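Summary of structural features
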There are 2 protein chains.
Amino acid sequence: MERNIKKLVILGSTGSVGTQTLEIVRAFPDRFEVVGLCNGYNAPLFKQQLDEFKPKYFNTLGEVESGYAGAKFAPAEEIAALPEVDMVVAATVGCAGMPPAFAALQAGKDLAFANKEVIVMAGKLLIEAAREGGGAILPADSEPSAIWQCLEGEESEPSRLIITASGGAFRDRAWDSLGDVTPDQALKHPTWTMGPKITIDSATLMNKAFEVIESRWMFDIPFDRIDVTIHRQSIVHSMVEFADGTLKAQLGPTSMLQVIQHALMYPDRQSNSELPKLDAVRMGSLTFEEMNPTLYPCFELALEYGKKGGTYPAVLAGADEAAVQLFVDGHIKFTEMPDIVANTLSAHDSIVEPSIADTIEAARWATEITLAHHNQSTILS
Amino acid sequence: MERNIKKLVILGSTGSVGTQTLEIVRAFPDRFEVVGLCNGYNAPLFKQQLDEFKPKYFNTLGEVESGYAGAKFAPAEEIAALPEVDMVVAATVGCAGMPPAFAALQAGKDLAFANKEVIVMAGKLLIEAAREGGGAILPADSEPSAIWQCLEGEESEPSRLIITASGGAFRDRAWDSLGDVTPDQALKHPTWTMGPKITIDSATLMNKAFEVIESRWMFDIPFDRIDVTIHRQSIVHSMVEFADGTLKAQLGPTSMLQVIQHALMYPDRQSNSELPKLDAVRMGSLTFEEMNPTLYPCFELALEYGKKGGTYPAVLAGADEAAVQLFVDGHIKFTEMPDIVANTLSAHDSIVEPSIADTIEAARWATEITLAHHNQSTILS
């Protein structure tokens, strides 16, 4: 039995996807072993996780406590590339997840991938790293996972990807009316329970633009063959159209657990009583409407620069990370986010064929200048 | 190029599925050659088809005319088993399609399969014949095709099949109110354009019970893991649920052309400007409701006897064929159909492990006795 156990490293273990990954591990103790855990700043939960899963290695941005169940501290990039590791779960949020994700792929590890900012920043490089390393990228995000599942077993290329979008927290309000919305309001997603960064990105549809860019690279398909439809119920997680006009859709409850389990266990599918169920016979009404772009300036902006390529997508991701932080911290209005991201993008000199280092540097520069620009605006006003 | 041409025999070439099969053949002249055409009684259309496709062999239940473009008359069972044939399209309606379908499978041909009565009559025997002959059964009916497409590439067994049903022509009317509906009313399907037998069977949901029985054999899954949902728009053609609660759905326009093309070309998918398209971004509302069994007595009756097995399913198919004919010809009321089918079923002594011959005989007996019973009732009344 020992040889069938998949040895995991989880990057971002105390976040939303990280904790749900550990729920799946807990449900299948014979299938998984946690070799490494890496987190950001949630020390109490991280300590509990180390006590429960007893990994050999850990990394944290928070305080390093003694008594971490004998785990050894090491850099995340090293842990992700350890010879004994089979799969790395990239559950980090934002641009910081890029170095260990690349380290894992370069070492030939399979990468269960939820950290969409990294593929937005460096999609082409990421796919190349996977091909060269020989590991697989397995989507652990609901829309790309749905597309991946719909493509399973098909010999023909898709003619079109149709990504579903709930429309976010303010889907029934005009953009102009959102100047006074609070972070708490924006953090109330109509259908999904997720971490704060992705929930804010969902309210602006920045997240949906990220998924379009992600899909362009992950499924090697041009932008003009990727569409978005507003599907308020978040039950159809995305669709694929083929040359003959046939469509396939993947459906499920609005839970990340199924998605994460599939990435961890692919191609196997196992019953798990912890997973929520969808009663397909009595789903009621599922709606699919065209997106109104005037409601979502972030979406249009992000796609414009996503298509430009070079280091623009990295700057987009870095600037958005700063903008979301500024909004959540109460420094800017909801409706200021696209403007300050746009300012950073227009100030950037893109590198046409960037290296990994160029990409990381562009995102870092973007986050810094976006925060600095805000601070300067604040001082001047 | 010659070696890539698929050589076809079409059983039931002048029916709805037969004519649409020839539309696909017409769209891909480099991919298909028609070796044999077999039809029932539509002589003028059949003559046109023979003139256009110039098959080597033909069979017809109608008058044999001279000048059939040099084609040779032969029994359908012989044509379906000719050494040069790659695929037989079973587009016949009703029980008469059984002998040539079995002949094709026993000769190791691939069978594109639209004639659901045959698999209802003799599902187990049909699957055995395919396994022994080495040919494949490829669904050319929208719901089984959807299930087949959803299962494509999946290594895990489905936990549940969810077959969609439009609800038929009278889906908003109580069964008791349907005594006076005319054949013309019953032949107006709300979403699909199909042949008369299947359209009447759709109005009673007999057709849906047939698909449940068909799926039980085609996908080797117990009856208690097959559900039906009322989906009025007929856009989702069916769904499959897996052990992890994930669902896949196949969607498309309400056209048989995609379904037939997929059976003919599998696993290839080709663009075809003759195929209608579905705009998935703007589909509007798709609804899924539990079926109300009191509206559809034929459904319950058919499933009851489908589950009993033996020769009961053949009697069900044979009696239904007679009942539909009696209704279409104006001899009985719409609401009498389940009663006269039930009478024939209760008069039958089932054979537990029937042969092919037993099955054909049971269906023949059922058709005959159902018609005779009606004639007797008419004489007595």
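Let us look at the structure shown here.

The next thing to look at is the packing of helix 8 (residues 196–204) of chain B against helix 12 (residues 312–328) of chain B. Packed helices, taken two at a time, are described by the angle their axes make and the gap between the axes. Residue and element names in this part refer to chain B. Where helix 8 meets helix 12, the closest approach of the two axes is 10 Å, and the angle between their N-to-C directions is 95°. When the axes of helix 8 and helix 12 are compared, the pair comes out roughly perpendicular. Taken together, the residues of helix 12 that come into contact with helix 8 (itself represented by Lys197, Ile200 and Asp201) are Asp320, Glu321, Val324, Phe327 and Val328. Split by residue class, the contact of helix 8 with helix 12 holds 4 nonpolar, no polar and 4 charged.

On the side of chain B, 46 residues touch chain A, which itself brings 46 residues to the contact. Buried area between chain A and chain B, both sides added, is near 3900 Å², and the carbon and sulfur share of it is 51%. Applying the counting criterion to the chain A and chain B interface returns 6 salt bridges. Between Arg269 of chain B and Glu154 of chain A there is a salt bridge whose closest N-O contact spans 2.8 Å. Our enumeration of links across chain A and chain B arrives at 25 residue pairs in polar contact (both at pLDDT 80 or more). Put simply, the parts of the chain that give the side of chain A that touches chain B at least two residues each are helix 6 (142–151), strand 9 (226–230), strand 10 (236–242), strand 11 (247–251), helix 10 (256–265) and strand 12 (284–290) of chain A. Ranked by residues supplied to the side of chain A that touches chain B, first place goes to strand 12 of chain A with 7 residues. When the residues that make up the side of chain A that touches chain B are grouped by side-chain class, the tally is 18 nonpolar, 15 polar and 13 charged.

The next subject is the sheet that holds strand 10 of chain A. Strand order in the closed barrel formed by 10 strands is 8(A)-9(A)-12(A)-12(B)-9(B)-8(B)-10(B)-11(B)-11(A)-10(A), and the pairing between neighbours is mixed. Across the sheet, the axes of successive neighbouring strands diverge by a mean angle of 25°, strand direction being ignored. Pairing of strand 10 of chain A with strand 11 of chain A, which is carried by 5 bridges, proceeds in the antiparallel orientation. In the strand pairing of strand 11 of chain A, Val236 of chain A is matched with Leu251 of chain A. The sheet contacts of helix 6 of chain A involve strand 8 (158–165), strand 10 and strand 11 of chain A together with strand 11 (247–251) of chain B, and relative to strand 10 of chain A the element is tilted by about 40°. On top of the sheet, helix 6 (residues 142–151) of chain B reaches strand 11 of chain A together with strand 8 (158–165), strand 10 (236–242) and strand 11 of chain B; it is set at about 40° to strand 10 of chain B, its chief contact.

Let's shift gears to the relation of the copies chain A and chain B. Superposition of chain A onto chain B requires a rotation of 180° combined with a translation of 0.0 Å along the rotation axis, giving an RMSD of 0.0 Å. In short, the pair behaves as if placed about a two-fold rotation axis. Judged by C-alpha distance, Gly153 of chain A is the residue of chain A that lies nearest the rotation axis, at 1.9 Å. Taken together, the interface assignments show that 100% of the residues at the interface of chain A recur at the interface of chain B, consistent with an identical surface on both copies.

To continue, consider the sheet that holds strand 2 (residues 32–39) of chain A. Residue and element names in this part refer to chain A. Ordered in space as 4-3-2-1-5-6-7, the 7 strands form an open sheet in which the pairing is parallel. Edge positions in the sheet fall to strand 4 (72–73) and strand 7 (137–139), since each of these pairs with one other strand and no more. As judged from the 4 bridges shared by strand 1 (residues 6–11) and strand 5 (residues 87–90), these two strands associate in the parallel manner. Within the sheet, the bridge partner assigned to Leu11 lies in strand 5 and is Ala90.

On to the pairing of strand 1 of chain A, then. Residues and elements named next belong to chain A. Two strands pair when backbone bridges link them, and strand 1 and strand 2 are joined in this way by 6 bridges, in the parallel orientation. Opposite Val9, over in strand 2, you have Gly36 as the bridge partner. What joins strand 1 to strand 2 is helix 1 (residues 16–27), and the crossover it makes is right-handed.

In this section: the packing of aromatic side chains. As enumerated under the stated definition, the model contains 14 aromatic pairs over all chains in all. Aromatic pair Phe327 of chain A and Phe334 of chain A: ring centres 5.4 Å apart, planes at 70°, arrangement edge-to-face. Ring plane angle 80° and centroid distance 5.1 Å describe the contact between Phe170 of chain B and Phe334 of chain B, whose orientation is recorded as edge-to-face. In this pair, Phe170 of chain B is assigned in the loop between strand 8 and helix 7 (183–186) and Phe334 of chain B in the loop between helix 12 and helix 13 (337–346), connecting sequence segments 164 residues apart. Comparing Phe170 of chain B with Phe334 of chain B, the two get one shared label, buried. Taken together through their ring pairs, the aromatic side chains of Phe170, Trp175, Phe327 and Phe334 of chain A make up a single cluster. Directly above the ring of Phe242 of chain B sits Arg269 of chain A, whose terminal nitrogen or CZ lies 4.8 Å from the centroid. Its end group placed over the ring of Tyr305 of chain A, Lys308 of chain A keeps NZ or CZ at 5.2 Å from the ring centre.

It is worth spelling out the side chain of Asn115 of chain B at this point. Residue and element names in this part refer to chain B. Structurally, Asn115 is set in the loop between strand 6 (110–113) and helix 5 (116–133). By relative accessible area, Asn115 is classed as buried at 1%. A polar contact of 3.1 Å, which involves the side chain of Asn115, links it to the side chain of Glu117. Apart from the residues lying within four places of it in its own chain, the contact partners of Asn115 are Ala90, Thr92, Val93, Gly94 and Gly97.

Residues and elements named next belong to chain A. The omega torsion of the bond from Tyr266 to Pro267 falls at 5°, within 30 degrees of zero and hence cis. Along the chain, Pro267 turns up in the loop between helix 10 and strand 12. Positive phi values are uncommon outside glycine, yet Asp220 reaches one of about 50°. You can see Asp220 is positioned in the loop between helix 9 (206–218) and strand 9. The exposed category is assigned to Asp220, whose relative accessible area is 61%.

This brings us to the packing of helix 5 (residues 116–133) of chain A against helix 9 of chain A. All names here are of chain A. Contact geometry of helix 5 with helix 9 gives a least axis separation of 9 Å together with a crossing angle of 15°. Between helix 5 and helix 9, the interaxial angle falls into the category roughly parallel. Two packed elements cross with a definite hand, and for helix 5 against helix 9 that hand is left-handed. Seen from helix 5, the contacting residues are Lys116, Glu117, Ile119, Val120, Gly123, Lys124 and Ile127; seen from helix 9, they are Asn207, Phe210, Glu211, Ile213, Glu214, Trp217 and Met218. Looking at the contact of helix 5 with helix 9 residue by residue, the classes come out as 7 nonpolar, 2 polar and 5 charged.

Residues and elements named next belong to chain A. Take Glu368: it is sitting in helix 14 (residues 356–380). According to the relative accessible area criterion, Glu368 is partly exposed, its value standing at 47%. The spacing of Glu368 and Gly318 is 50 residues in sequence and 8.3 Å in space, taken between C-alpha atoms.

Calculation rules
Residues numbered from 1 in each chain as written. Chains lettered and ligands numbered in written order. Predicted model: local features only at pLDDT ≥ 70, side-chain atom pairs only at ≥ 80, totals over all residues. Heavy atoms only, no water. Axes fitted to C-alpha atoms, helices over the stretch in contact; angles between N-to-C directions. Helix = DSSP H or I, 4+ residues; strand = E, 2+ residues; numbered from the N terminus. Parallel < 35°, antiparallel > 145°, perpendicular 65-115°, else oblique. Contact = heavy atoms within 4.5 Å. Nonpolar A, V, L, I, M, F, W, Y, C, P; charged D, E, K, R; others polar. Buried area = accessible area lost by both parts, 1.4 Å probe. Salt bridge = Lys/Arg side-chain N within 4 Å of Asp/Glu carboxyl O. Polar contact = N/O pair within 3.5 Å; in protein donor to acceptor, adjacent residues only side chain to side chain. Pairing = 2+ DSSP bridges. Least-squares fit on C-alpha atoms with pLDDT ≥ 70 in both. Right-handed = clockwise from strand over helix to strand, strands pointing away. Phe/Tyr/Trp six-rings, centres within 6.5 Å; stacked < 30°, edge-to-face > 60°. Buried < 20%, exposed > 50% of the residue type's maximum accessible area, 1.4 Å probe, protein only. Lys NZ or Arg CZ within 6 Å of the ring centre and 35° of its normal. Left-handed = near helix turned anticlockwise from the far one by under 90°.

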